[in-house]
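Read off the chains here:
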Amino acid sequence: MKQQAAVIYGKKDVRFEKIPITEPAETEVQIKVAYNGICGSDIHEYLDGMDLAINSHPLTGKKVPLVPGHEFAGTVVNVGKKITKLQIGDRVAVEPMIACGKCAACLAGNYNLCSRAIGKDNSAGFLGFCANGGLEEYCNVAEIFAHKLPTDFPLDLGALVEPTSVAVQAVLRAGLKAGDNILIQGAGPIGLFTLLVAQAAGAHNIIINDLSDQRLALAKSLGANAVLQENNPIDLQQKVNQLTGNQGVNLAFECAGVQATLAGALNALGQNGTLMVVALFGTEPQIDVRGLLKKGGRLLTSYGYANVFERSIGIIDNNREAFKKIITKKIKLPQLIDEGILALAHDKQQAKILVKLTN
């Protein structure tokens, strides 16, 4: 039996092929993939070959060609011999982590920081980068990373659980408290998910800053209290102060990944505020440590997620209509490059594009 899949061979080299459907291993379930979301890292994987296993990965032993995709959900259609919790027919969202389970980070529950998950070629420990991911009709995943969804949970929203978990992890690590004023730098998908998660956590005044009119309009429709369009860190600080009675924000989330937005996030902080860096930077950023020090500020980072998928499912389940707004387009697999990856790279009207794999 064969299935349709996208297969990446390297930088700007994705081919649509018929590949074998393999049986799940003893501790794996086979998922009939319904939807796979396109992430910013997928754009860099395609355009630059970023984080892709060119050499054999230390945990999976696999390298290109591979099936990309790590934001996906579907239905269990086959199970391995040692499966104990899931059964055929269950709807699941996939946590696409690759971790050894034995290093100090894994044993402490921080499997997102697994010391063996990054290859010597900087390949990332995620499905789609060092093992086959969700841009195929049937994907085998470890049972421990297949999270059961409520019976009536839409599978398109299931594909949002993974990126939502990035925001949930960041909000939890930042220590957001009910009533906090926050700034989100960047109204791309992660910034928008952070907005919705911060609302669920009880944030009071949520300010979001971006240069795109379309993305700011979407942020406003999702409940942002104020939207700004400032690239200058000093001007941003002045506007944030106007909105907060010269108090600044308790938390600033850096979700854009450029130097100007990082500097703006720091400037917008109030006394004892926290700057949470979520975005990956294409070039090494600089931080004004002295300025942060004089505010009594904290600088934190959040990479991926660990032990938050169930929370993410619950948050989406309670706010289905809001999360649906972030899905701006659904496409078919052959449209992946032009209508998916390149559209996200160039069309600021797009937020989350989903690829529909099966019915």
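Quick summary incoming for the structure in this document.

About the cut-offs
Residues numbered from 1 in each chain as written. Predicted model: local features only at pLDDT ≥ 70, side-chain atom pairs only at ≥ 80, totals over all residues. Heavy atoms only, no water. Polar contact = N/O pair within 3.5 Å; in protein donor to acceptor, adjacent residues only side chain to side chain. Helix = DSSP H or I, 4+ residues; strand = E, 2+ residues; numbered from the N terminus. Contact = heavy atoms within 4.5 Å. Buried < 20%, exposed > 50% of the residue type's maximum accessible area, 1.4 Å probe, protein only. Pairing = 2+ DSSP bridges. Right-handed = clockwise from strand over helix to strand, strands pointing away. Axes fitted to C-alpha atoms, helices over the stretch in contact; angles between N-to-C directions. Parallel < 35°, antiparallel > 145°, perpendicular 65-115°, else oblique. Nonpolar A, V, L, I, M, F, W, Y, C, P; charged D, E, K, R; others polar.

1. Some remarks on helix H7 (residues 233–243)
Measuring from the backbone nitrogen of Ile 234 back to the side-chain oxygen at the start of H7 gives 2.9 Å, which picks out Asn 232 as the cap. Of the residues one or two after H7, Gly 245 is the one with positive phi, at around 65 degrees.

2. Concerning the environment of Leu 357
Mapped onto the fold, Leu 357 is located in the segment after strand S15 (352–356). Separated by 221 residues in sequence, Leu 357 and Glu 136 have C-alpha atoms that sit 6.9 Å apart. Aside from chain neighbours lying at most four places away, what touches Leu 357 is Val 33, Ala 34, Asn 36, Gly 134, Leu 135, Glu 136, Glu 137 and Leu 333.

3. Brief notes about unusual backbone geometry
Omega for the peptide link from Val 64 to Pro 65 comes to 5 degrees, which places this bond in the cis form. Positionally, Pro 65 belongs in the loop between helix H1 (40–48) and strand S4 (71–79). A positive phi is found at Asn 246, a non-glycine position, where the angle reads about 65 degrees. Mapped onto the elements of the fold, Asn 246 is located in the loop between H7 and strand S11 (249–254).

4. Quick word on the pairing of strand S9 (residues 205–209)
Extensive coverage of S9 is indicated by the burial of 5 of its 5 residues. Pairing analysis gives 5 bridges linking strand S8 (residues 181–185) to S9, with the strands arranged parallel. Within the sheet, the bridge partner assigned to Leu 183 lies in S9 and is Ile 207. In terms of handedness, the path from S8 via helix H5 (residues 189–200) over to S9 forms a crossover that is right-handed. In terms of handedness, the path from S9 via helix H6 (residues 213–221) over to strand S10 (residues 226–228) forms a crossover that is right-handed.

5. Let's talk about the packing of H1 against helix H12 (residues 336–346)
Where H1 contacts H12, the two axes come as close as 9 Å, and the packing angle between them is 105 degrees. Taken together, the axis directions place H1 and H12 in an arrangement best described as roughly perpendicular. Contact residues: Asp 42, Ile 43, Tyr 46 and Leu 47 in H1; Ile 337, Ile 341, Leu 342, Leu 344 and Ala 345 in H12. For the contact of H1 with H12, the residue count by class is 8 nonpolar, no polar and 1 charged.

6. Overview of the sheet that holds strand S12 (residues 269–277)
Strand order in the open sheet made by the 6 strands is S10-S9-S8-S11-S12-S13, with parallel pairing throughout. Edge strands, defined here as strands with exactly one partner in the open sheet, are S10 and strand S13 (298–301). Between one strand axis and the next, the sheet turns by 20 degrees as a mean value, whatever way the strands run. Sheet contacts for H7: S8, S9, S10 and S11; angle to S10, the most-contacted strand, approximately 165 degrees. Lying over the sheet, helix H8 (residues 259–268) contacts S8, S11 and S12, oriented at roughly 150 degrees with respect to S12.

7. A look at H1
When H1 is considered as a whole, its buried residues turn out to be Ser 41, Asp 42, Ile 43, Glu 45 and Tyr 46. If you follow the buried residues of H1, they end up packed against strand S1 (2–10), strand S2 (13–20), strand S3 (28–37) and H12. Positive phi shows up at Gly 49, right after H1, with a value of about 75 degrees.

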